[in-house]
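# Architecture and fold: a report
Spelled out, the chains give:
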Amino acid sequence: MARRAVEQELSRERILEAARHLFITKGYRAISMRSIGQHLGYSHGSLYYHFKEKAELFYAIVVEDFNHVAALLNQAMHTPPEPGMTRVEQLILEFIRFGLDHPYQYEIMFMIRDEELLAYCRAEQGRCYDLFASIVRRHMKDEGYVSADWQSVPRMLFLSAHGFISYYIQDKVSFEDVKDAALSHVKVLSRSL
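Residues take numbers from 1 onward in each chain, read along the sequence in its written order. At least 70 in pLDDT is required for a residue's local features to be given in this predicted model, at least 80 for side-chain atom pairs to be given and counted, and no such filter applies to totals for whole chains, interfaces and linings, which use all residues. Side-chain measures here rest on the full set of heavy atoms in the structure, leaving out hydrogens and waters.

### Looking at the packing of helix 4 (residues 54-78) against helix 7 (residues 115-142)
Comment: axis = line fitted to C-alpha atoms, over the contacting stretch for helices; angle = value between 0 and 180 degrees taken between N-to-C directions. Labels follow the DSSP assignment, with helices taken as runs of H or I lasting at least four residues and strands as runs of E lasting at least two, numbered in each case from the N terminus. Direction vectors running N to C along helix 4 and helix 7 enclose 5°, while the axes themselves pass 10 Å from each other. Our classification of the angle between helix 4 and helix 7 gives roughly parallel. Facing Ala55, Phe58, Tyr59, Val62, Val63, Phe66, Asn67, Val69, Ala70, Leu73, Asn74 and Met77 of helix 4, the residues of helix 7 in contact are Leu117, Tyr120, Cys121, Glu124, Gln125, Arg127, Cys128, Leu131, Phe132 and Ile135. Counted by class, the contact of helix 4 with helix 7 contains 17 nonpolar, three polar and two charged residues. Just so you know how the angles are binned, under 35 degrees is roughly parallel, over 145 roughly antiparallel, 65 to 115 roughly perpendicular, and the rest oblique. In this analysis, two residues are considered to be in contact whenever any of their non-hydrogen atoms come within 4.5 Å of each other. Under the scheme applied, nonpolar residues are Ala, Val, Leu, Ile, Met, Phe, Trp, Tyr, Cys and Pro; charged residues are Asp, Glu, Lys and Arg; polar residues are all the others, including Gly.

As structure tokens, this is what we get:
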């Protein structure tokens, strides 16, 4: 029984990864459960064992990716920052690293334009931003920043990091390719605090 459960879990992961790739490269509307099954070499019926419909599959991808980002953000705040960096700088840098090193995921999470799909993403985007903002606010409070800035500064930092990722993601570069530019960007943002 345990072996079967492991095999099912692996199958689910393969489905999610293939669907993620196909949704980004071909578009959500152009992909069907049948085409995902064909891509994997299975009948589309085997996909329905894990997901009732394409929308449920899409939502599972979104939730998985946002949970991954939440874990990275929490880890950044519980790990000592690199020398010469503050916790907030480390947080922003890790968010940028995720976006550039996981472009398919990031595009689904933050850059998808399909109105139907945005409904699946908005709540998770809000949850991600709320976590990011709460970490920044905690830092600002600990450092004695004026409470009037506690609302606007986290949004400015988040949107600026998103803009950086959006600009470079089009060039299909990794974080390491633009690490110096990312560090510079984060330091300039930090000075604005």
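### Let's talk about the nonpolar core
Counting 63 residues, the largest nonpolar core has Phe95 and Ile96 as the members making the most contacts within it. Elements represented by at least two residues in this core include exactly helix 1 (2-26), helix 2 (33-40), helix 4, helix 5 (87-101), helix 6 (103-111), helix 7, helix 8 (152-169) and helix 9 (179-191). Excluding anything up to four places from it in sequence, Ile96 contacts Ala161, Phe164, Ile165, Phe175, Ala182, His185 and Val186. Residues belong to one nonpolar core when they are buried, are Ala, Val, Leu, Ile, Met, Phe, Trp, Tyr or Cys, and are joined through side-chain atoms within 4.5 Å. Burial classes: relative accessible area under 20% of the type maximum marks a residue as buried, over 50% as exposed, and values in between as partly exposed (1.4 Å probe, protein chains only).

### Some thoughts on helix 5
Here helix 5 contains 15 residues, and its C-alpha end-to-end distance of 21 Å stays within 8% of the 21 Å for a straight helix at 1.5 Å per residue. By the burial criterion, the buried members of helix 5 are Val88, Glu89, Gln90, Leu91, Ile92, Leu93, Glu94, Phe95, Ile96, Phe98, Gly99 and Leu100. Buried positions along helix 5 lie against helix 4, helix 6, helix 7, helix 8 and helix 9. The span one expects for a helix is its residue count, reduced by one, times 1.5 Å.

### Focus: helix 2
Considered for burial, the residues of helix 2 that qualify are Met33, Ser35, Ile36, Gly37 and Leu40. Phi turns positive, to about 85°, at Gly41, one or two residues after helix 2.

Limitation: the analysis is restricted to geometry and does not speak to function.
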